[in-house]
Amino acid sequence: MINFLYRFDPRFVLLVVAAIAATVAATGLRYTARRSIVDATIVVDLTGSMNARDAGVAGKPVSRIEAVRAAVRDLAQSLPCRSRLGLGIFTERRSFLLFEPADICANFDAFDGAISDLDWRMAWEGDSYIAKGLYSAIDVAASAKSDLIFFSDGHEAPPIPASGIPDFEGVPGKVNGLIVGVGGSGKSPIPKFDDDGRETGVISAADVPHDNRHGLPGKSVESAAGWHPRNAPFGAQAVAGEEHLTSVRSEHLRTLASKTGLSYLELNAGRNLRDAVLRSGTLRMADVPENAAPWFAIAALASLLAAYGISVSALRRASQKLSTLVR
Amino acid sequence: MMFNHPVWLLLLPLALLPLFADTQRTEGHPALLDLEYDLLSAILQLLLRVAGVLAIAGLIFGLAGLARPEYVIERTGQGSDIVLLIDRSSSMDNTFAGQQPDGTQESKSAAAKRILRNFIERREHDRFGIVGFSTAPMHVMPMTDHKDIILAAIDSIDRPGLAFTDVGRGLLMALLMQSRNPTGASRAIILVSDGAAVIGRRLQERLRAEFARHQINLYWLYLRSAGSKGMFEVPASNEEDTPQVLPERHLNKFFEGLKIPYRAFEAESPEAVAHAVNEIGKLEQKPVIYAERRPQHDLSRYAYIVALLGLAVLLAAKAAERSISSYAGRANAA
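Because the structure is a prediction, the values reported are computed rather than measured.

The next point concerns the nonpolar core. A:Ile42, A:Phe99, A:Phe111, A:Phe151 and B:Leu84 are the most contacted members of the largest nonpolar core, which has 76 residues in total. A total of seven residues in this core trace back to one element, the largest contributor, which is helix α3 (residues 64-78) of chain A. Among the nonpolar cores identified, the runner-up in size contains 30 residues, and B:Met143, B:Met173, B:Met231 and B:Ile260 belong to it.

On to the sheet that holds strand β5 (residues 127-133) of chain B, then. All names here are of chain B. Strand order across the open sheet formed by six strands is β6-β5-β4-β7-β8-β9, with mixed pairing between neighbours. The strands lining the two open edges of the sheet, one partner per strand, are β6 (137-144) and β9 (262-267). Neighbour to neighbour, the strand axes of the sheet diverge by 15° on average, direction disregarded. Bridge count for strand β4 (residues 80-87) against strand β7 (residues 186-193) is seven bridges, and the pairing is parallel. The partner of Ile86 across the bridge, within β7, is Val192. Helix-sheet contacts for helix α7 (residues 270-283) involve β7, β8 (216-223) and β9, and the interaxial angle to β9 is about 165°.

All names here are of chain B. Applying the stated criterion across every chain yields a total of nine aromatic pairs over all chains. Here the aromatic rings of Phe119 and Phe128 are separated by 6.1 Å at their centres, their planes lie at 75°, and the arrangement is edge-to-face. Look at Phe119 and you get buried, because its relative accessible area is 2%. One aromatic cluster is present, built from ring pairs that chain together Trp220, Tyr222, Phe254, Phe255 and Tyr262.

All names here are of chain A. It is at 9 Å that the axes of α3 and helix α7 (residues 273-280) come closest, and there the two elements cross at 65°. Considering their axes alone, α3 and α7 lie roughly perpendicular with respect to each other. Viewed along their axes, α3 and α7 form a crossing whose handedness is right-handed. Where α3 abuts α7, its residues Ala71, Leu75 and Ser78 lie against Leu273, Arg274 and Val277. For the contact of α3 with α7, the class distribution of residues is four nonpolar, one polar and one charged.

A separate point is the environment of A:Leu273. Residue and element names in this part refer to chain A. In this structure, Leu273 sits in helix α7. Exposure remark for Leu273: the relative accessible area of 7% places this residue in the buried category. Placed 143 residues apart in sequence, Leu273 and Ile130 show a C-alpha to C-alpha distance of 21 Å.

Of the residues lining the interface, 55 residues belong to chain A; the matching set on chain B comes to 57 residues. For the chain A and chain B pair, buried surface summed over both sides reaches about 4900 Å², with 67% attributable to carbon and sulfur atoms. Connecting chain A to chain B are two salt bridges. Here A:Asp117 ties to B:Arg180 by a salt bridge, and the two come within 3.4 Å at their closest N and O atoms. At the junction of chain A with chain B, the criterion picks out nine residue pairs in polar contact (both at pLDDT 80 or more). Only α1 (2-7), α2 (10-26), β4 (94-103), α4 (108-116), α5 (130-143) and α8 (293-326) of chain A provide two or more residues apiece to the side of chain A that touches chain B.

Turning our eyes to something else, we now look at the domain arrangement of chain B. Structurally, chain B comprises domain 1 (2-69 + 296-333) and domain 2 (72-293). Computed from C-alpha atoms alone, the centre-to-centre distance between domain 1 of chain B and domain 2 of chain B is 65 Å.

Across all of its chains, the model carries 25 salt bridges over all chains by this definition. A salt bridge links B:Lys113 to B:Asp158, with the shortest nitrogen-to-oxygen separation between them at 3.3 Å. Here B:Asp158 lies in the loop between α3 (147-155) and α4 (167-179) and B:Lys113 lies in helix α2 (residues 108-122), a separation of 45 residues in the sequence. As a salt-bridge pair, B:Asp155 and B:Arg117 come within 2.6 Å of each other at their nearest N and O atoms. Linking B:Asp155 in helix α3 with B:Arg117 in helix α2, this pair joins segments that are 38 residues apart in sequence. A network of salt bridges, in which partner residues are shared, links A:Asp54, A:Arg64 and A:Asp153.

As a further point, take the domain arrangement of chain A. By the assigned domains, chain A splits into domain 1 (2-29 + 292-326) and domain 2 (33-208 + 243-288). Taking only C-alpha atoms, the centre of domain 1 of chain A and the centre of domain 2 of chain A are 56 Å apart.

Now for the sheet that holds strand β2 (residues 66-68) of chain B. Two pairing modes exist for strands in a sheet, parallel and antiparallel, and in both the strands are linked by backbone hydrogen bonds. All names here are of chain B. Taken in spatial order, the three strands make up an open sheet running β1-β2-β11, and their pairing is antiparallel. Strands at the two margins of the open sheet, each flanked by one partner only, are β1 (2-3) and β11 (297-298). Alignment of β1 against β2, held across two bridges, turns out to be antiparallel. Within β2, the residue paired with Phe3 across the bridge is Leu66.

Here B:Ile149 shows up in helix α3. Apart from residues no more than four positions distant in its own chain, B:Ile149 is found in contact with A:Phe99, A:Ala102, A:Asn107, A:Ala110, A:Phe111, B:Met141 and B:Thr144.

A residue-level look at chain B finds 91% of positions with pLDDT of 70 or above and a mean pLDDT of 82. The complex prediction reports pTM at 0.74, with the ipTM value standing at 0.71.

Bringing α3(A) into the picture now. Over its 15 residues, α3(A) runs 21 Å from end to end, which matches the ideal 21 Å to within 8%, given 1.5 Å per residue. All of the buried residues along α3(A) are A:Arg64, A:Ile65, A:Ala67, A:Val68, A:Arg69, A:Ala71, A:Val72, A:Leu75 and A:Ala76.

Rules and cut-offs
- Residues numbered from 1 in each chain as written.
- Chains lettered and ligands numbered in written order.
- Predicted model: local features only at pLDDT ≥ 70, side-chain atom pairs only at ≥ 80, totals over all residues.
- Heavy atoms only, no water.
- Core = buried A, V, L, I, M, F, W, Y, C linked by side-chain atoms within 4.5 Å.
- Buried < 20%, exposed > 50% of the residue type's maximum accessible area, 1.4 Å probe, protein only.
- Helix = DSSP H or I, 4+ residues; strand = E, 2+ residues; numbered from the N terminus.
- Pairing = 2+ DSSP bridges.
- Axes fitted to C-alpha atoms, helices over the stretch in contact; angles between N-to-C directions.
- Contact = heavy atoms within 4.5 Å.
- Phe/Tyr/Trp six-rings, centres within 6.5 Å; stacked < 30°, edge-to-face > 60°.
- Parallel < 35°, antiparallel > 145°, perpendicular 65-115°, else oblique.
- Left-handed = near helix turned anticlockwise from the far one by under 90°.
- Nonpolar A, V, L, I, M, F, W, Y, C, P; charged D, E, K, R; others polar.
- Buried area = accessible area lost by both parts, 1.4 Å probe.
- Salt bridge = Lys/Arg side-chain N within 4 Å of Asp/Glu carboxyl O.
- Polar contact = N/O pair within 3.5 Å; in protein donor to acceptor, adjacent residues only side chain to side chain.
- Domains from an automatic or database assignment.
- pLDDT = per-residue confidence, 0-100.
- Expected span 1.5 Å × (residues − 1).

Written out as structure tokens, the structure reads:
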């Protein structure tokens, strides 16, 4: 009887618990957890203004495309497994799908390689009709049955005509997703490249049109210098402007987002792209197998350490008792 | 050896705890001097300490995600590194009869998609890369052995294409993709297009130099639409024989002049395409040494098993524990 009580030491219980927990951990038990996942097509604006080096942290400027590459890579690494991402590019007025959404965890190397090869050289035209490109990206995402993540600086070239942003013909909110504004808020120059891809300076004010003379002229144009209703409906003077400089056009992108039922996020340090993507996207759940072993291993470790802890405190108590006895 | 969650290793000093304490009960004894040195006791104590260290360290190693990193083994088999150079111009969206696809006939791009999918799925040991070309060459997917993402890229080729067919710069991009991957495997470029274009003289020189530098097999799968010029067509005597008039014929002549292993296939129907792809499959069947990637292998289980062994020893010792006083009591009673 005494013997039994003696054996009923808390350390004995703790060791039994630790042994059971370690046994479970060693069996490699798995459980399935429901996780919210993302299924999205990423479309990246590759027009000229995306080469401007005003993204990234102060003192370490990187081009907007580089900032997008880094952001997409981070996003791909932080999304829960079973999430799928596809990739497309946008120039001129169209979005062009490179590959349909594919499982991001299983194919990370290849996805990463495809992202790092994104380059302005793949752009087939210099124009940048952002609104039309966005609408076509929405169509692409809809046909791939996924959400859309659209990276752009919002810099329309040529500028928007007097008639305003072209109408969105789709159903707003049918495709969920996010527009991500890329670039700094200050004006910065756009690099210029020659036929062989060598950088040859920056785009000057004379290189780009500063107003749009397609369609009907706006109302206020009548006061322009040299205006004539037939011979010079937009005024006779070339408009001076700052279209050769670029900054992220958040207002424009925000307007486009509200027109199409997407969300808007400015890509800046500290903004969490992953959370924004999960929040703005269609809620999708998947059963993801999770390893239960670590939880049991933690329990085993805690009990085992507690057992040793009791011994340490018992030892200290015994030594205290001994010292009082000696005294 | 590697760890997936190395933060846990910060707890490793705790594994020294069993050297200072043990799980057995400490009891007072009036005179330690009375006890003789006992070898068996010393061995048992050492055993218990080692068991304690193993149990704690094993659990920590398991939590830290002990694993064998991904590694590559070389095997021999049949396979190649293949770059698919795919025409994404809008003419690919028409049927072989040059019409809008209807219910009965599929478009050239849809046929190419179906047949290439099938080809990729059958080629077990091949690695694929994809370059698209139209008005500009487009890097779609670097060389990879992940089949799903390659198939995802193939799935996108029957979407509306762009305007032109800039085959020269596309070829250059495909060549550069191959040269970035110096492997021992046989290397091939499969050009899938429904037309050709004039390649400028400077680019021709560049292509010639690149092809001469690398040992690369070239296959051209020409999806010929009804009424268009064939690649083997010899012009009548009153017709002009220039690259502008007969771009396919002259591209074929350019490829033949490269003195590289080159085969041209002219396909006028989906069946002919399937046949040509089978032919390419047969040609790309040289035995090669290919690298097989073995994925990272989780070893945390074995760490837990080691911990469990340590725990079993500790538990056995605990279960066998007897008090000196209970012996003393029994001795008194006797």
